[in-house]
Amino acid sequence: MEQRLTLVTLGVADLDRAVAFYRALGWREHRSSVAGEVAFFDTGGQVLALWGRAELAADSGVVDGGGWGGVTLAHNVADTAEVDAILASAEAAGARLARLGAETPWGGYSGVFVDPDGHPWEIAVNPGWPLDEQGRPDLD
């Protein structure tokens, strides 16, 4: 197996609500989305999918306990003002702010919002991971 990730699927309680939330953040669905069934968002080399939580659990062969699944997504940006702007935009779109933007112990700056289905997103500036022209972190 190659060391890469191609798709992250979030199980959602209400697909239309979830799609509306991500649209409010400025995201656009990919043309391969199927209205009312699944939504795909091209994230520049990877895909974020939104699918019904029950369907995702059944397809993945797991029992859905309804709680947090032990995963936090992250979106790195170039500067602290962008962190704060994204957090404000997410809150305006219906997210709950879990942590305001602030300096971190590792020398960066980050905050966290939680989408309407309980998926946490960390928005961060990491000085150890500069972003390339496409906004991808450079770990070298």
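Rules of the game
- Residues numbered from 1 in each chain as written.
- Predicted model: local features only at pLDDT ≥ 70, side-chain atom pairs only at ≥ 80, totals over all residues.
- Heavy atoms only, no water.
- Pairing = 2+ DSSP bridges.
- Helix = DSSP H or I, 4+ residues; strand = E, 2+ residues; numbered from the N terminus.
- Axes fitted to C-alpha atoms, helices over the stretch in contact; angles between N-to-C directions.
- Core = buried A, V, L, I, M, F, W, Y, C linked by side-chain atoms within 4.5 Å.
- Buried < 20%, exposed > 50% of the residue type's maximum accessible area, 1.4 Å probe, protein only.
- Salt bridge = Lys/Arg side-chain N within 4 Å of Asp/Glu carboxyl O.
- Phe/Tyr/Trp six-rings, centres within 6.5 Å; stacked < 30°, edge-to-face > 60°.

Asker: How do you make sense of the sheet that holds strand β2 (residues 38-42) when you look at a structure like this?
Answerer: One key point about sheets: their strands pair by backbone hydrogen bonds, in either a parallel or an antiparallel sense. Overall, mixed pairing links the three strands, which are arranged β1-β3-β2 in an open sheet. Each having just a single partner strand, β1 (7-12) and β2 make up the two edges of the open sheet. Across the sheet, the axes of successive neighbouring strands diverge by a mean angle of 20°, strand direction being ignored. Pairing between β1 and strand β3 (residues 47-52): six bridges, direction parallel. Among the inter-strand pairings, Leu7 is bridged to a residue of β3, identified as Val47.

Asker: Is there a simple way to think about the nonpolar core in this case?
Answerer: Buried together is how nonpolar side chains tend to be arranged in soluble globular proteins. Counting 22 residues, the largest nonpolar core has Tyr22, Leu50, Val83 and Phe113 as the members making the most contacts within it. Elements supplying a minimum of two residues to this core: β1, α1 (15-24), β2, β3, α3 (80-93), β6 (109-114) and β7 (120-125). Considering each element in turn, this core owes the most residues, five residues, to α1.

Asker: Would you explain the pattern of salt bridges in this entry?
Answerer: Where charged atoms from two side chains of opposite charge approach closely, those side chains can pair. In this structure the tally under the stated criterion is six salt bridges. Here Asp64 makes a salt bridge to Arg53, at a shortest N to O gap of 2.7 Å. Note that Asp64 is positioned in the loop between α2 (53-60) and β4 (73-76) and Arg53 in helix α2, a separation of 11 residues in sequence. The class for Asp64 is partly exposed, based on a relative accessible area of 36%. Using a relative accessible area of 25% as the deciding quantity, one classes Arg53 as partly exposed.

Asker: Hey, could you run me through the packing of aromatic side chains in this one?
Answerer: To describe a pair of aromatic rings, one takes the distance between the centres and the angle between the planes. One pass over the full model with this rule turns up eight aromatic pairs. Aromatic pair Tyr22 and Trp121: ring centres 6.3 Å apart, planes at 55°, arrangement tilted. Separated by 99 residues along the polypeptide, Tyr22 in helix α1 and Trp121 in strand β7 bring together distant segments of the chain. Residue classification places Tyr22 among the buried positions, given a relative accessible area of 1%. Judged by its relative accessible area of 7%, Trp121 is buried. Here the aromatic residues Phe21, Tyr22, Trp27, Phe41, Phe113 and Trp121 are joined through ring pairs into a cluster of three or more.

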